[in-house]
Amino acid sequence: MELIKIRDLHVNIDNKEILKGFDLNINRGEVHAIMGPNGTGKSTLASALVGKPDYEVTKGEVIFKGKDLLEMEIEERALEGLFLAFQYPVEIPGVSMINFMKTVVDARREYRKEEPISPVDFLKLVKRSSELVGISDKMKGRAVNEGFSGGEKKKNEIFQMAMLQPDLAILDELDSGLDIDSLKQVAEAINKLRNENNAFLIITHYQRLLDYIVPDFVHIMNDGKIVKSGDKDLAKELESKGYDDIMGLN
Amino acid sequence: MEEVKNKVIDELSNKDYEFGFTTDIEMELAPKGLNEDIVRFISEKKGEPQWMLDYRLKAYRHWLTLKMPKWGHLDIPKIDYQDLSYFAAPKNMPKYESLDEVDPELLDTFNKLGIPLEEQKRLTGIAVDAVFDSVSVKTTFQETLKELDIIFCSMSDAIKDHPDLVKKYIGSVVPYTDNYFASLNAAVFSDGSFCYIPKGARCPVELSTYFRINTAGTGQFERTLIIADEGAYVSYLEGCTAPQRDENQLHAAVVEIIAEKDAEVKYSTVQNWYPGDKDGKGGIYNFVTKRAICKGNGSKVSWTQVETGSAITWKYPSTILKGDDTIAEFYSVAVTNNHQQADTGSKMIHLGKNSKSTIVSKGISLGKSQNTYRGMVKFGKNAHNSRNHSQCDSLLMGDKCGAHTFPYIKVENNTGIVEHEATTSKIADDQLNYLKQRGLGEEQAVSLLVNGYAKEVLKQLPMEFAAEATKLLSISMEGSVG
């Protein structure tokens, strides 16, 4: 079943065109990986989809769960079930993880016209999610990302994803800042969260992450659009041949 | 996008002051103006003894020699002191045995303010000495307090029932000669709270007073005196909100706190006087003198304030660390929005040895407001090995507001350590976007960020007060983003 449909998406930053006619369909239950050299617009795609200001959509359409995504504010897109694991998660001093998560979980429930979560259910959800991702109680007690190491911040993103159970999660450069053990742990958590109702869009430079989270589709992006698509073997081929060769630039 | 945002801001900033309502209860007003006869009128109305009248008259005569202070970073419109009334009391004020006997309209006012007396009495264990304009209406929990010989009553009652204590302590921390507003207060103070914790007693409940201004054109001059005798402990809460008025209202309170040897006083306040409308019209002028003395060795005083209201705030809760090994703390969050002006901070005067003080001030400026921190740390000649740490942070939202910091440090003893840290920041778009991507709307995201910013101060507040303060901060933030 179709979850998101991106058609001919053009995005400008500071009047410079970065995405130049991007197309992609993702169905529920699928994992897509987008690879490509630096500066091809991978992170721009993520930012534009979640609706960050300063990313000006000049053309194209995005239909998410049958609705026009581009018409929605950033928080509305989130409430509809779109999640971004940030490449560089920011620190929110003084706001404890627990308080933050409770506020966010309840904001979603309110959007769905549900009662706030009970403290017991909330704590169960926190316990389950933190065990899944492997974050410590100490981390949960701290302010959001404050004083977290690069790896802890990334784990924290996946913890939040586990808490919120989005329909579509975009993972932007998840592997940067993670050591190999943490990478395995986080990948395992994601694999457990994969099901037939959700979908993942993984943005990465390297094939390494895809050894642990095996994608159904791999797309190679260059100069603001997808230039080649394939299955998981495409990522391996890329690893051995390099971008230039794959994209036929040599 | 930007247009939509501005529209939302406009709508929200047009939101009226939530507690803007007035109550029709007959008032007995003093004629407008100020002279010795008025001072006598007030004293007589309250049935005060001669010594109290003499004190008021001395203060009044001194006040005549003073001029309004101009050193604040404030733009204060001229105040015509002859055009104000200096006394207002609800008529027919019997002391009630039960709430059934209280004027239902008055009870309704309290309910609107969220302080149903019976609920509080039953559920929270807070003794409330509610001040309705100038005269105390209801005092609860007297029995519990009585068992410990704790006195918690209106200042008027204290003058009648405990004259020796009042005589000994009133004006001992803030003398009537202290400053223009303190002098005026000493001459015309209407009522306030009096609290005495005897030797060794720990007050088991948070003592709480809610103030409310209710008569247009009436200055409110509260006088509060808190005394913790040797080894005693008390936590005192003061919170207030005022009805909407077009006319500016003057509020010049005096609070004096005395901590004897090994005593501890915690004083918390949430101040939400009417700030004026979005164009800066109306609003309360809040010119307050609050001072404590750590009189005996080993005593401790802690001030916590959340300031969101008033058109103009002039307020510096201060502590004199007279005894050795004394501790003083000042935690403050001051929010200014629209055209509000605040000049607030603290003074820590170290006189005793090994005295320690901490100042944590968080200013938040929005709209076209001006928010000033003014602080003084002084180490006297004999204040050996004393320490002060001051942290002074300013958060700005928008580009039309101002944040200012004026720290003064005077050190006459070279064995001490003074540290001053200051930061100025803006809420980053990155932070807002992060929170929004998790599903929070603009208001909620800003509110979370601001409460996080002020957490160090909010966590000092007693539990029930902290919730109220958090809510108040969120309300103050509404319509402020852009």
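Residues numbered from 1 in each chain as written. Chains lettered and ligands numbered in written order. Predicted model: local features only at pLDDT ≥ 70, side-chain atom pairs only at ≥ 80, totals over all residues. Heavy atoms only, no water.

Focus on the overall build of chain B
Here is step 1 of the chain: Tallying secondary structure elements over chain B gives 13 helices and 24 strands in all.
Here is step 2 of the chain: Taken over 482 residues, chain B has a buried fraction of 61%.
Here is step 3 of the chain: In chain B, of all internal contacts separated by at least 6 residues, the share reaching a separation of at least 24 is 85%.
Here is step 4 of the chain: Accessible surface computed for chain B: about 18,900 Å², of which carbon and sulfur atoms make up 48%. (Helix = DSSP H or I, 4+ residues; strand = E, 2+ residues; numbered from the N terminus. Buried < 20%, exposed > 50% of the residue type's maximum accessible area, 1.4 Å probe, protein only. Contact = heavy atoms within 4.5 Å. Areas by Shrake-Rupley, 256 points an atom, 1.4 Å probe, with all protein chains shown as cover.)

Some details on the overall build of chain A
Here is step 1 of the chain: Secondary structure summary: chain A contains ten helices and twelve strands in total.
Here is step 2 of the chain: Scaling as 2.2 N^0.38, a compact globule of 250 residues should have a C-alpha radius of gyration of about 18 Å, and chain A matches this with 18 Å.
Here is step 3 of the chain: For chain A, the spread of C-alpha atoms along the principal axes amounts to about 60 × 40 × 35 Å.
Here is step 4 of the chain: Looking at the 250 residues of chain A, the share that counts as buried comes to 53%.
Here is step 5 of the chain: Taking all contacts inside chain A whose residues are at least 6 apart in sequence as the whole, residues at least 24 apart take part in 69%.
Here is step 6 of the chain: Accessible area of chain A: about 11,100 Å², with a carbon and sulfur share of 46%. (Rg over C-alpha atoms; globule rule 2.2 N^0.38 Å.)

Description of the sheet that holds strand S5 (residues 67–68) of chain A
All names here are of chain A.
Here is step 1 of the chain: Reading across the sheet, the four strands line up as S2-S1-S4-S5 and stay open at both edges, with antiparallel pairing between neighbours. Because the sheet does not close on itself, it has two edges, and the strands there are strand S2 (16–27) and S5.
Here is step 2 of the chain: Where strand S4 (residues 56–64) and S5 come together, two bridges link them in antiparallel fashion. Counterpart to Ile-63 in the pairing with S5 is Asp-68.
Here is step 3 of the chain: This element, helix H1 (residues 42–50), spans strand S1 (2–13), S2 and S4 of the sheet and lies at about 110° to S1. (Pairing = 2+ DSSP bridges. Axes fitted to C-alpha atoms, helices over the stretch in contact; angles between N-to-C directions.)

Things to note about the side chain of Ser361(B)
Residue and element names in this part refer to chain B.
Here is step 1 of the chain: Mapped onto the secondary structure, Ser-361 falls in strand S20 (residues 356–365).
Here is step 2 of the chain: Classification of Ser-361 as buried rests on a relative accessible area of 7%.
Here is step 3 of the chain: The residues touching Ser-361, leaving out its near neighbours within four places in the chain, are Ser-332, Tyr-373, Gln-391, Cys-392 and Asp-393.

Notes on the packing of aromatic side chains
Residue and element names in this part refer to chain B.
Here is step 1 of the chain: A complete count under the given rule lists 18 aromatic pairs over all chains for this structure.
Here is step 2 of the chain: With a centroid separation of 5.1 Å and an interplanar angle of 70°, the aromatic rings of Phe-181 and Trp-314 are classed as edge-to-face. Of this pair, Phe-181 sits in helix H9 (residues 180–188) while Trp-314 sits in strand S15 (residues 312–315); the two residues are 133 residues apart in sequence, bridging distant segments of the chain.
Here is step 3 of the chain: Residue classification places Trp-314 among the buried positions, given a relative accessible area of 5%.
Here is step 4 of the chain: Ring geometry for Trp-314 versus Tyr-316: centroids 5.5 Å apart, planes at 80°, classification edge-to-face. Here Trp-314 matches Tyr-316 in class, with each residue buried.
Here is step 5 of the chain: Pairwise contacts between aromatic rings join Tyr-60, Trp-63, Trp-71, Tyr-81, Tyr-180, Phe-181, Tyr-285, Phe-287, Trp-314 and Tyr-316 into one cluster.
Here is step 6 of the chain: The aromatic ring of Phe-189 is capped on one face by Arg-56, whose charged end is 4.0 Å from the ring centroid.
Here is step 7 of the chain: When the ring centre of Tyr-453 is taken as origin, the NZ or CZ atom of Lys-362, which lies over that ring, is 4.9 Å away. (Phe/Tyr/Trp six-rings, centres within 6.5 Å; stacked < 30°, edge-to-face > 60°. Lys NZ or Arg CZ within 6 Å of the ring centre and 35° of its normal.)

Examining the packing of helix H2 (residues 36–45) of chain B against helix H3 (residues 50–64) of chain B
All names here are of chain B.
Here is step 1 of the chain: Across the interface, H2 lies against H3 with an axial gap of 10 Å and an inter-helix angle of 150°. The orientation of H2 relative to H3 falls into the category roughly antiparallel. Considering only the axes of H2 and H3, their crossing is right-handed. Residues Glu-36, Val-39, Arg-40, Ile-42 and Ser-43 of H2 pack against Leu-53, Arg-56, Leu-57, Tyr-60 and Arg-61 of H3.
Here is step 2 of the chain: Here the residues of the contact of H2 with H3 are counted per class, giving five nonpolar, one polar and four charged. (Parallel < 35°, antiparallel > 145°, perpendicular 65-115°, else oblique. Left-handed = near helix turned anticlockwise from the far one by under 90°. Nonpolar A, V, L, I, M, F, W, Y, C, P; charged D, E, K, R; others polar.)

Describing the confidence of the model for chain B
Residues and elements named next belong to chain B.
Here is step 1 of the chain: Overall, the prediction assigns chain B a mean pLDDT of 80, with 76% of residues at 70 or greater.
Here is step 2 of the chain: With pLDDT under 50 throughout, residues 210–218 is counted as low confidence; its partners more than four residues away or in other chains account for 59 contacts.
Here is step 3 of the chain: Taken over the whole predicted complex, pTM reads 0.77, whereas the ipTM for its chain interfaces reads 0.95. (pLDDT = per-residue confidence, 0-100.)

Describing the sheet that holds strand S6 (residues 82–85) of chain A
All names here are of chain A.
Here is step 1 of the chain: Strand order in this open sheet of six strands is S6-S9-S10-S3-S11-S12, and the pairing throughout is mixed. Each edge of the sheet is formed by a strand with only one pairing partner; in this case those strands are S6 and strand S12 (225–230). Taken over all neighbouring pairs, the strand axes of this sheet differ in orientation by 20° on average, direction set aside.
Here is step 2 of the chain: Where strand S11 (residues 217–222) and S12 come together, five bridges link them in antiparallel fashion. Paired with Asn-222 across the two strands is Lys-225, which belongs to S12.

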